[in-house]
Amino acid sequence: MAFTIENIASAVKLGGVVLSPDGSKLVYDVGPGLKSGEHATSALWYSKDLTKADGAKQLTSGLFNDRGAQWHPNSESIFFLSDRHKQGGPSQIYKYSMDGPGEPALLNDAFKEKKCEEISPNGNYIAFRSADEPTAEEEEKEKEKDDAKVFGEKKGFVRLRLYTVSTGQVRTLVDDQNVETITWSPDSKSLAYMASVRPDFEGLDYEPTSFHTISILPTVTESRRIKEFKNSLILRTIWISDEYSEVYTLQPFDPTQLIDATAVHRLSLDTSSGDASNKHFYAGETEDAAGITNIGSNDEFSVPIAAGVNTRVDILNRDGKVFTLVDAKNRWGFSAYDVKKVGNDYVVACVRSSGPDNETPNVWVGKSTGKHMVRFCVDLNTKVSSHYDWLKEHKLGPVEIFEWTGTDGVQLNGFAWFPPNVDPSNIKKPLPTILYIHGGPYYRDTPKFELGIYDGGWTALLAERGYLVLTPNYRGSSGRGSVFARAAYHGMGTIEWSDVDGMVDEAVKRGLADKDKLAIGGWSQGGFLTAWGVSQTKYKYKCGIMGAGVSDWGKMAIESDLPGFENELGSAAPWLGADARLAGDPIRHIKDIETAVLILHGEKDVRVPVSQGIGFHRGLRRMSKFPERHTLVVYPREGHGFEERKHGEDLLRRIIAHYDAWLK
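Here is what the cut-offs are and how they apply
- Residues numbered from 1 in each chain as written.
- Predicted model: local features only at pLDDT ≥ 70, side-chain atom pairs only at ≥ 80, totals over all residues.
- Heavy atoms only, no water.
- Helix = DSSP H or I, 4+ residues; strand = E, 2+ residues; numbered from the N terminus.
- Rg over C-alpha atoms; globule rule 2.2 N^0.38 Å.
- Buried < 20%, exposed > 50% of the residue type's maximum accessible area, 1.4 Å probe, protein only.
- Contact = heavy atoms within 4.5 Å.
- Areas by Shrake-Rupley, 256 points an atom, 1.4 Å probe, with all protein chains shown as cover.
- Pairing = 2+ DSSP bridges.
- Axes fitted to C-alpha atoms, helices over the stretch in contact; angles between N-to-C directions.
- Phe/Tyr/Trp six-rings, centres within 6.5 Å; stacked < 30°, edge-to-face > 60°.
- Lys NZ or Arg CZ within 6 Å of the ring centre and 35° of its normal.
- Polar contact = N/O pair within 3.5 Å; in protein donor to acceptor, adjacent residues only side chain to side chain.

Trainee: Account for the overall build of the chain, with residues named and values stated.
Mentor: Secondary structure assignment for the chain yields ten helices and 37 strands. Taking 2.2 N^0.38 as the reference for a compact globule, 664 residues should give roughly 26 Å; the C-alpha atoms of the chain span a radius of gyration of 25 Å, in line with that estimate. If you line up the chain on its principal axes, its C-alpha atoms span 70 × 60 × 50 Å. Counting the 664 residues in the chain, one finds 56% classified as buried. Relative to all contacts within the chain whose residues are 6 or more apart in sequence, the contacts with residues 24 or more apart total 59%. Only carbon and sulfur atoms are counted for the fraction: they give 48% of the accessible area of the chain, which is about 27500 Å².

Trainee: Describe the sheet that holds strand β16 (residues 224-229), naming the residues involved and giving the relevant values.
Mentor: Taking strand neighbours across the sheet as the criterion, the four strands line up as β13-β14-β15-β16 in an open arrangement whose pairing is antiparallel. Looking at strand neighbours, the two that pair on one side only are β13 (178-184) and β16, the edges of this open sheet. Put simply, the sheet's adjacent strands are angled 20° from each other on average, direction ignored. In this structure, strand β14 (residues 190-196) lies alongside strand β15 (residues 209-215), joined through seven bridges in antiparallel fashion. Across the sheet, Y193 pairs through a bridge with H212, a residue of β15.

Trainee: Describe the packing of aromatic side chains, naming the residues involved and giving the relevant values.
Mentor: Scanning the entire structure with this criterion turns up 19 aromatic pairs. Ring plane angle 25° and centroid distance 6.2 Å describe the contact between Y125 and W184, whose orientation is recorded as stacked. One end of the pair, Y125, is in strand β10 (residues 125-131); the other, W184, is in strand β13, and 59 residues separate them in sequence. One aromatic cluster is present, formed by Y248, F281 and F301 through successive ring pairs. One residue, R318, lies across the ring of Y244, its end atom 3.7 Å from the ring centre. For R352, the ring lying beneath its charged end belongs to W364, and the centroid distance is 3.8 Å.

Trainee: I'd love a proper account of the side chain of S241, names of residues and values included.
Mentor: With respect to the helices and strands, S241 occurs in the loop between β17 (236-238) and β18 (246-252). Separated by 3.0 Å, the side chain of S241 and the backbone nitrogen of E243 make a polar contact. Those residues in contact with S241 that lie beyond four places of it in its chain are P186 and N298.

Shown next, in the form of structure tokens:
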């Protein structure tokens, strides 16, 4: 059988899809989802003929961590980040001429770690972010282990710097703020950026962020503050035209909220009358903006839209939506994409996959044709890559959209992954069923078929073994707008649990799920809902897998690297005193649990610290009805997302063994 634990753990991930400015070629990243050695690796792949099926070729060796390519405006060379100067070392910017031959050239190693790069529209400059280098005194202290850390001390700031292509010189543009995101003005004379008070997330809920512009002229030494934000982040910015003093940003629908649907806003750069205006522009009410992309046009840009389980790409201008360029029609999903407008035509490329259509992830391309402006959907009709050959002949079981009604009458959706050779319309005997709950909570399950040790890896692998796998999009998920997303605010252990549990009840009612062979599991937020579910139902689910899940929201506010965000979810920070909400803690409802719980956690997890898993396990061993049924496995060196292949293989083996032991 091709669909094995080893194959899933060694599966590659595709991303970083970037079309050349002239729309004639593309480059993208391919790298193992889990590393087998000491260092992460990734290769750049390249297609020079977008009409040729399976024509993509490997461009770099894959021995180093080559990623994040961007095209020069002439479409003849690329710039990318890599550690090829020292494997596993800090990222530097390299240039590669596509007409070759020759090796990529290191541009400048003045700063040890480059965070990202943005090439100016005229190709003369590269803006990048990097942290300050340690002083000689700091290096000496570290060497002598005289390195006490003051909690909350504002160190490690990431600065905005400018590389001049013609001279190779680097100049620091912003040295007094922590720079988060950057974008160029169309005339290549200025940069816009978002700045935060500190380089971590410690004060995200009470310290402001701010948006600025700065000229790259050497005579300009200060930035211009455009607007200050509280409790919010600008996730991405594009600046499409010099004609209007404005940028378009991806932000929460309500910019004052940490927990909300994402939407497009129009931020004025005019500060003549005080603080600039920031107005909602598109999406966020009933569907979500999943990104925002400059397409090489001075009047249009693209926005991927999450609409329920569907995904589409809309083209917008200053007046709003122009038309829908791509529509997945509930059949597939994508994980990376790019759009370029060339003349009157549009070129689209994305990493596309589909569970319903048995389609593994690959890069697909579509192009509009004709002499006049096109205003209809483009078909992605050319698969330019051919990854996952080991699954070419493998057939998944049926994957269908599953709809049900919440306890308050709200229509909900998700997916049902059936075992191979099962006809969902003719189930003769109810199936052993696993409720797999996605993390986030601001995330969603779509028809895409991804391989790995989390979402796609669990669903397809478990369905392959004869289980019906249900994946719900519950309150707090993305794709349904602000009200749906905001349900997560102070809402842990409330409506979202009745949503996911209701999906199982509906599957039982329809004769699809065996009520005596039910299981539950998930990672991160899905791990919390697993812990919460077994604490509420006690014995409904025969077994559960709590992956990096929360058991105590008060401790999350104390220990997580996102204290403000976690408190927005749980509202249980101890400093709230009598106002702290304790009702959503699974650990407080642990008595008499019968469900057998396998707890999996990374030892170095800073998002959901391992104490969450340890605490829940200690409670189960002391207060549950059958203490011997529960197991805690901690993985050394791993954070919230695992990196090591052997750990990934072990995790998948334990998942299968646990479900098989209790459901078969």
